[in-house]
Amino acid sequence: MNFDGQDTGLDYYPCTYGKSRTMFRGPRVSLDGPYTVVIGSCEVYGRYVEDPFTDQLAERTGRRVVNLGVINGGIDTFVKDEAIMQIIGGAETVVIQAMGAQNLSNRYYTVHPRRNDRFLKHSTTMTNLYRDVDFSDFSFTRHMLSSLREVSQNRFRILQLELEIAWVARMTVLLSRIKGNRILLWIEDETDRGLGAEPLFVTVDMMQQLEASLDKIVHCNVTDAMTDAQTAQMVVPQADLARANQFLTPAAHERVAENLVRAVRRVDGMAA
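What you see as residue numbers is a count from 1 along each chain, following the sequence as written. Since the coordinates come from a predicted model, pLDDT governs what is reported: local features require at least 70, and pairs of side-chain atoms require 80 or more to be given and counted, while whole-chain, interface and lining totals use all residues. In computing side-chain values, all of the structure's heavy atoms are included and hydrogens and water are not.

Looking at the secondary structure, you find Asp224 in the loop between strand E7 (216–221) and helix H9 (228–231). Accessible area is worked out with a 1.4 Å probe on protein chains only. A residue is then buried under 20% of its type maximum, exposed over 50%, and partly exposed in between. Residue classification places Asp224 among the exposed residues on the basis of a relative accessible area of 53%. Each C-alpha atom, one on Asp224 and one on Gly74, is 25 Å from the other, the two residues being 150 residues apart in sequence. Among the polar contacts made by the side chain of Asp224, one reaches the side chain of Arg255 at a distance of 2.6 Å. Helix numbering and strand numbering both begin at the N terminus, where a helix is a DSSP run of H or I of at least 4 residues and a strand a DSSP run of E of at least 2. Counting of polar contacts relies on pairs of N or O atoms within 3.5 Å, with two restrictions inside protein: one atom must be capable of donating a hydrogen and the other of accepting it, and residues adjacent in sequence are counted only when both atoms are side-chain atoms.

With that out of the way, let us pick up the sheet that holds E7. For two strands to count as paired, DSSP must find a minimum of two bridges between them. Spatial strand order, E2-E1-E3-E6-E7: five strands in an open sheet with parallel pairing. Both edges of this open sheet fall to strand E2 (65–69) and E7, since each of them pairs with a single strand only. The mean angle between the axes of side-by-side strands here comes to 20 degrees, regardless of whether they run parallel or antiparallel. Of the pairings in the sheet, the one linking strand E1 (residues 36–40) to E2 comprises five bridges and is parallel in character. Bridging from a neighbouring strand, Ile39 pairs with Leu68 of E2. Axis lines are fitted through C-alpha atoms, for helices just across the contact stretch, and the angle between N-to-C directions can take any value from 0 to 180 degrees.

Here we come to helix H10 (residues 250–267). How far a helix is expected to stretch is found by multiplying one less than its residue total by 1.5 Å. Between its first and last C-alpha, H10 extends 26 Å over 18 residues, near the 26 Å set by a 1.5 Å rise per residue. Along H10, the residues that are buried comprise Ala252, His253, Val256, Ala257, Asn259, Leu260, Val261, Ala263 and Val264. On its buried face, H10 sits against helix H1 (42–45), helix H2 (53–61), strand E3 (93–97), strand E6 (181–188) and E7. When checking whether two residues touch, look at their non-hydrogen atoms; a contact exists if any pair is within 4.5 Å.

The next subject is helix H4 (residues 82–89). Buried residues dominate H4, accounting for six of its eight residues. Restricting attention to buried positions, one finds in H4 the residues Ala83, Ile84, Met85, Ile87, Ile88 and Gly89. Where H4 is buried, its residues contact E1, E2, helix H3 (75–79), E3 and helix H7 (153–176). At the N-terminal boundary of H4, the capping side chain belongs to Asp81, with an oxygen 3.1 Å from the backbone nitrogen of Ala83.

Take the environment of Arg47 next. One can find Arg47 in the loop between H1 and H2. Accessibility expressed as a relative area gives 17% for Arg47, which makes it buried. Remark: the alpha-carbon pair of Arg47 and Ala244, spanning 197 residues in sequence, is separated by 8.7 Å. Every residue in contact with Arg47, bar those within four places of it in the chain, is listed here: Tyr12, Arg25, Cys42, Ile71, Met234, Asp240, Arg243, Phe247 and Leu248.

Looking now at the pairing of E3. Counting buried residues in E3 gives five out of five residues, a clear majority hidden from the surface. The two faces of E3 match: Thr93, Val95 and Gln97 on one face and Val94 and Ile96 on the other face are all buried. For E1 and E3, the ladder comprises four bridges, and the chain directions are parallel. Bridged to Val38 within E3 is Val95. Pairing of E3 with E6, which is carried by five bridges, proceeds in the parallel orientation. Paired with Val95 across the two strands is Ile183, which belongs to E6.

Shown next, in the form of structure tokens:
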């Protein structure tokens, strides 16, 4: 749908599951019976898109698909919420988006337990690494990391290595708590918006370290689907137009859905 100048947006039918305080995109899906869960960040939530790939997955497979995407969420959003982990634990199949490594707590800094893009505090280890930086200037992880890289590329590489190690460790914990089929969804966007390609600081080697705990890795490169023409097909309020190109377009959602349908059917033993 083209934005027609009216300051209207989508109704995401926000809902919660169990005792979790985290809001997800609805409508709420009944958990009475077999279901598939998709967890992740903005890409899973489907900001500004009428028909996100989670809905398309449900339509094409006939399965109940629970969208547990969280705007700017990270691995900690799920691992640290027991109510969400219970929902994930009850699923037949769990699709886990490979989320960026910037939004998780580590030895250098701590993020908000639910809004993982929010920087809360830095550690003594971080102070020792960046003695020339005033961390009171930062509220968000991306802003902080961009600034730290400008201060020193060499020191930033030390910090980035910590994020990579923390990502693998946290993903290992998450996967160990999933009983059903486990599919890792790698949505690759090579567009560099300041810190590198998405997902930030996640490499092929890091994902391959998890292979023993996975039933399938689904790779979907959406770079060529992130065009201005496709952004025009999104439902974007006037105030959000400037940042709409940071979110998956309808074409990107369709591509992800096509790849996931085949993967979900295969792990379920169905014809692709």
